[in-house]
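Chain residues, written in single-letter form:
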Amino acid sequence: KNLEITIIDNGIGRKQSGELKKEEKKNNTSLSTSLIAECVKTINREKGFSNQKGKINMEITDLCDEAGQACGTKVLLSIPV
């Protein structure tokens, strides 16, 4: 009873990306990730969802290959219908 949207990015992964930003002394976060997380939080708060049931969820997972090397990121957005 949920609409699930999965986004898979086959980039370098969040950990390596963070390390590169640190080396370049950049301190920015992904604008799209921040905006989506804030929207989910706002909708859940305005709808009065205090427990998991009926709540919109966003789960971010770091992906690794067989050798344990970062090979991207997966985002799962679950929206009750």
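Preceding block: the structure.
All values reported here derive from a predicted model rather than from experimental measurement.

1. Details of the sheet that holds strand β1 (residues 2-9)
The strand order β1-β3-β2 describes an open sheet built from three strands, whose pairing is antiparallel. Of all the strands in the sheet, the pair left with one neighbour each is β1 and β2 (57-64). Averaged over all adjacent pairs, the angle separating strand axes in this sheet is 15°, with direction ignored. In this sheet, strand β3 (residues 70-80) lies alongside β2 in antiparallel orientation, the contact comprising eight bridges. Bridge assignment links Ile 60 to a residue of β3, and that residue is Val 75.

2. Things to note about the side chain of Ser 78
Within the fold, Ser 78 resides in strand β3. Using a relative accessible area of 10% as the deciding quantity, one classes Ser 78 as buried.

3. Section: a nonpolar patch on the surface
Residues Leu 3, Ile 5, Ile 7 and Val 81 make up a contiguous nonpolar surface patch of about 390 Å² in total accessible area. Following the sequence through the fold, Ile 5 ends up in strand β1. Judged by relative accessible area, which is 34%, Ile 5 ranks as partly exposed.

Definitions and limits used
- Residues numbered from 1 in each chain as written.
- Predicted model: local features only at pLDDT ≥ 70, side-chain atom pairs only at ≥ 80, totals over all residues.
- Heavy atoms only, no water.
- Pairing = 2+ DSSP bridges.
- Helix = DSSP H or I, 4+ residues; strand = E, 2+ residues; numbered from the N terminus.
- Axes fitted to C-alpha atoms, helices over the stretch in contact; angles between N-to-C directions.
- Buried < 20%, exposed > 50% of the residue type's maximum accessible area, 1.4 Å probe, protein only.
- Patch = residues over 30% accessible without salt bridge, like charges linked within 9 Å, V, L, I, M, F, W, Y side chains within 5 Å.
- Areas by Shrake-Rupley, 256 points an atom, 1.4 Å probe, with all protein chains shown as cover.
- Salt bridge = Lys/Arg side-chain N within 4 Å of Asp/Glu carboxyl O.

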